[in-house]
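What follows is each chain in one-letter form.
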Amino acid sequence: MTQLEQQQLGRTLWGIANDLRGAMNADDFRDYMLSFLFLRYLSDNYEEAAKKELGKDYPETDSDIVSKFGVTTPLQLWYEGNLDDVEEFEKLMRRKVHYVIEPQFLWSNIYEMARTQNDELLSVLEDGFKYIENHSFDSTFQGLFSEINLNSDKLGKTRQERNSKLCTIITKIGQGIAKFSTKNDALGYAYEYLIGEFAAGSGKKAGEFYTPQQISTILSAIVTLDSHNPSEGKKNKLDKVLDLACGSGSLLLNVRNQLGKNGIGKIYGQELNITTYNLARMNMLLRGVKDTEFHIHHGDTLLNDWDMLNEMNPAKKQVFDAIVANPPFSLRWEPSEAMGEDFRFKSYGLAPKSAADFAFLLHGFHFLSDQGVMAIILPHGVLFRGGAEERIRTKLLKDNHIDTVIGLPSNLFFSTGIPVCILVLKKCKKFDDVLFINASEYFEKGKRQNRLRDDEDGGPNDIKKIVETYQFRKQDDPRYSRRVSMEEIAKNDYNLNISRYVSTAITAKEIDLKAVNETLIDLEEKIRKATEMHNGFLRELGLEELPG
């Protein structure tokens, strides 16, 4: 499927979502829409693998043959004719595709029930979601559909009305998808596209689950470059990658895209919001990441309630080669006195209650490997605010851990209009200066959000400019980037406000007053002569002369 066809598929599904949700809140309808897409993906993948494994034993797909036996899918026909072989077949499928779906819960059956307005659709969906959560995967996917309320009044007041509404939604989705080839990660793209569109309509809530793709591309490109010397290019492989506030998982998937599907050993993410946590798990599977290749934890990053990250033995400490994050900006939190002794914060101090920005940063930095790179999106306040934040920032600078500060334009996010920055941190920092990049003036203005330009055909490419400036530590344009010594930063009391180091002011052109005066005298003389000539013509015509 071409990129254009992928976009058309995304727009088609988004149009269906807008037509069907009616008065339902976009956030609520999102969960239904994306869950059904997820079911379609799992089903297609499973049936394709089953057809390959069964070979000539896979039943004919002729609809007359299927309907003759009272079933709606070829695989269901095989199940009913080979009951003694089902257990062995499912063992094989668990090895091949890492999950099993019973035929009655496959999308092809669900869609046929919806198309024919079957009164049992709602019951089959409820059983199907429970089966996938509890039995499909060897690894735990408990609660994957926990936020999908199939008995919500938003779908209808009675069970019959809800069943009818679900029939309509599923039929429309099935018809919309049927117009396109859904091979080669197309449904994964559509899923990502819909997440972005739902985020655009969610306002501040979007900050809970979505990092705009363009910003995500910058972070993922940075952390996959060589840690010591980025100019040498991308790393071949990353063992472990972490997003400490992963939302829908899009940022982690962008890191994976940078290196290819075999470029990361395992993906790790943590997310507090239960709905978004489920979105992330679905998103991983939809993009072809096997359940054994990722681990998303539902929990509070600031409290560090993930047992895996609470290992007290330094020899068993979890570390990550790349860490990315877009945590909630300036979140109020309530650190206890005991947290001052927490291994994540003990060396630096606690972030203030008014803003947990540095708490998120220190959490991630603690688990960064000695050869790793961390890129985190934060509000500009972390660069210059005083008090506890100043003390944390100063120690990070003195320890030579802050590598690059990137200032971005305002209004890039759905959730806020404020300008933000990217901080790049390392424990293996090679350079004894800090690179400042002022990208705040390089963007395309939009109606709702501004966007970074990414023209690959010779036009402006703001994303590429940022990444290459970081990669090669460029300082060609003094109004865009500059390497600043630690001595200069110390003289500024470790304040990292970008405008202190990269001036955006346009130097006024020096004016030669003597030359200007001579030009004015010359012009005055020309005006005098032109007036005399004009008055001569007026006298000949007997008209009133111009004043001299």
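Residues numbered from 1 in each chain as written. Predicted model: local features only at pLDDT ≥ 70, side-chain atom pairs only at ≥ 80, totals over all residues. Heavy atoms only, no water.

**Q** Explain the overall build of the chain residue by residue, including any values.
**A** Along the backbone of the chain there are 17 helices and nine strands. A compact globule built from 548 residues should have a C-alpha radius of gyration of about 24 Å, whereas the chain, at 31 Å, is more than 25% larger. Principal-axis analysis of the C-alpha atoms places the extent of the chain at approximately 115 × 80 × 45 Å. When the 548 residues of the chain are sorted by exposure, 52% land in the buried category. Looking at the chain alone, contacts between residues at least 24 apart form 72% of all its contacts between residues at least 6 apart. (Helix = DSSP H or I, 4+ residues; strand = E, 2+ residues; numbered from the N terminus. Rg over C-alpha atoms; globule rule 2.2 N^0.38 Å. Buried < 20%, exposed > 50% of the residue type's maximum accessible area, 1.4 Å probe, protein only. Contact = heavy atoms within 4.5 Å.)

**Q** Now, about helix α10 (residues 213-223): what can you tell me, with residues and values included?
**A** Counting buried positions over the eleven residues of α10 gives nine, a clear majority of the element. Of the positions making up α10, those classed as buried are Q214, I215, S216, I218, L219, S220, A221, I222 and V223.

**Q** Could you give me a rundown of the packing of aromatic side chains, with the residues and numbers involved?
**A** The geometry of two aromatic rings is summed up by the distance between their centres and the angle between their planes. Using the criterion set out here, one finds 19 aromatic pairs in the structure. Relative to F145, the ring of F38 lies with its centre 6.1 Å away and its plane at 50°, an arrangement referred to as tilted. Residue F38 is found in helix α2 (residues 26-54), and its partner F145 is found in the loop between α7 (121-136) and α8 (159-178); the two are separated by 107 residues along the sequence. With relative accessibility at 0%, the residue F38 sits in the buried group. Consider the rings of F141 and F294, whose centres lie 6.2 Å apart with planes at 70°: the pair is edge-to-face. (Phe/Tyr/Trp six-rings, centres within 6.5 Å; stacked < 30°, edge-to-face > 60°.)

**Q** How would you explain the environment of N497 if you had to name every residue and give the values?
**A** With respect to the secondary-structure elements, N497 resides in the loop between α16 (486-491) and α17 (513-540). The spatial distance from the C-alpha of N497 to the C-alpha of R385 is 9.4 Å, given a sequence separation of 112 residues. If we ignore the near neighbours within four places in the chain, the residues touching N497 are L383 and F384.

**Q** Tell me about unusual backbone geometry, and name the residues and values.
**A** If you check the backbone angles, H98 has positive phi at about 75° while not being a glycine. Residue placement: H98 occurs in the loop between α5 (86-96) and α6 (107-115). The exposure class of H98 is buried, given its relative accessible area of 18%. Phi angles above zero are rare outside glycine, and N411 is one such case at about 60°. Turning to its location among the elements, N411 is positioned in the loop between β6 (402-407) and β7 (420-426).

**Q** Let's hear about the pattern of salt bridges: which residues, and what values?
**A** The full count for this structure, using the stated rule, is 26 salt bridges. Across the pair D44 and R40 runs a salt bridge, and its minimum N-O distance is 2.6 Å. Taken as a pair, D44 and R40 lie in helix α2 at a separation of four residues, close to a single helical turn. Close ionic contact of R159 with E126 constitutes a salt bridge, the shortest N to O distance being 3.1 Å. Of this pair, R159 sits in helix α8 while E126 sits in helix α7, and the two are 33 residues apart along the sequence. According to the relative accessible area criterion, R159 is partly exposed, its value standing at 37%. Through salt bridges with shared partners, a single network forms among D403, K426, D433, R473 and R483. (Salt bridge = Lys/Arg side-chain N within 4 Å of Asp/Glu carboxyl O.)

**Q** Now, about the nonpolar core: what can you tell me, with residues and values included?
**A** Core analysis: the biggest nonpolar cluster contains 119 residues, and L13, F36, Y46 and L125 have the highest contact counts within it. With 15 residues, the top contributor of residues to this core is α2. With sequence-adjacent residues up to four places away left out, L13 is seen in contact with M33, L37, I173, I177, A190 and L194. Counting 48 residues, the second-largest nonpolar core is a separate cluster that includes A245, A351, F367 and I498. (Core = buried A, V, L, I, M, F, W, Y, C linked by side-chain atoms within 4.5 Å.)

**Q** Any details on the pairing of strand β8 (residues 433-438)? Residues and values, ideally.
**A** Counting buried residues in β8 gives six out of six residues, a clear majority hidden from the surface. Neither face of β8 is exposed, since D433, L435 and I437 on one face and V434, F436 and N438 on the opposite face are all buried. For β6 and β8, the ladder comprises four bridges, and the chain directions are parallel. In the strand pairing of β8, T404 is matched with L435. (Pairing = 2+ DSSP bridges.)

**Q** So what's going on with the sheet that holds strand β3 (residues 294-298)? Which residues, and what values?
**A** The strand order β3-β2-β1-β4-β5-β7-β6-β8-β9 describes an open sheet built from nine strands, whose pairing is mixed. Where the open sheet ends on each side, the last strands, each with one partner, are β3 and β9 (481-485). Across this sheet, the average inter-strand angle for adjacent strands is 15°, counted without regard to direction. When strand β1 (residues 238-243) meets strand β4 (residues 320-325), the two strands line up parallel, connected through three bridges. Paired with D243 across the bridge in β4 is V324. (Axes fitted to C-alpha atoms, helices over the stretch in contact; angles between N-to-C directions.)

**Q** Go over the packing of α10 against helix α11 (residues 250-259) with me, naming the residues and quoting the values.
**A** In the contact formed by α10 and α11, the axes pass within 8 Å of each other and the chain directions differ by 50°. It follows from the interaxial angle that α10 and α11 lie oblique. Relative to α11, the crossing made by α10 is right-handed. For the pair α10 and α11, contact is made by Q213, S216, T217, L219, S220, A221 and V223 and by S250, L251, N254, V255 and Q258, respectively. (Parallel < 35°, antiparallel > 145°, perpendicular 65-115°, else oblique. Left-handed = near helix turned anticlockwise from the far one by under 90°.)

**Q** Describe helix α12 (residues 274-286), and please don't skip the residues or the numbers.
**A** Over its 13 residues, α12 runs 18 Å from end to end, which matches the ideal 18 Å to within 8%, given 1.5 Å per residue. Within α12, twelve of the 13 residues are buried, which leaves it mostly tucked inside the rest of the structure. Looking at the buried residues of α12, the elements they touch are α2, α9 (186-200), α11, β2 (264-271) and β3. The N-terminus of α12 is capped by N273, whose side-chain oxygen sits 2.9 Å from the backbone nitrogen of T275. (Expected span 1.5 Å × (residues − 1). Polar contact = N/O pair within 3.5 Å; in protein donor to acceptor, adjacent residues only side chain to side chain.)

By themselves, these figures tell us nothing about what the structure is for.
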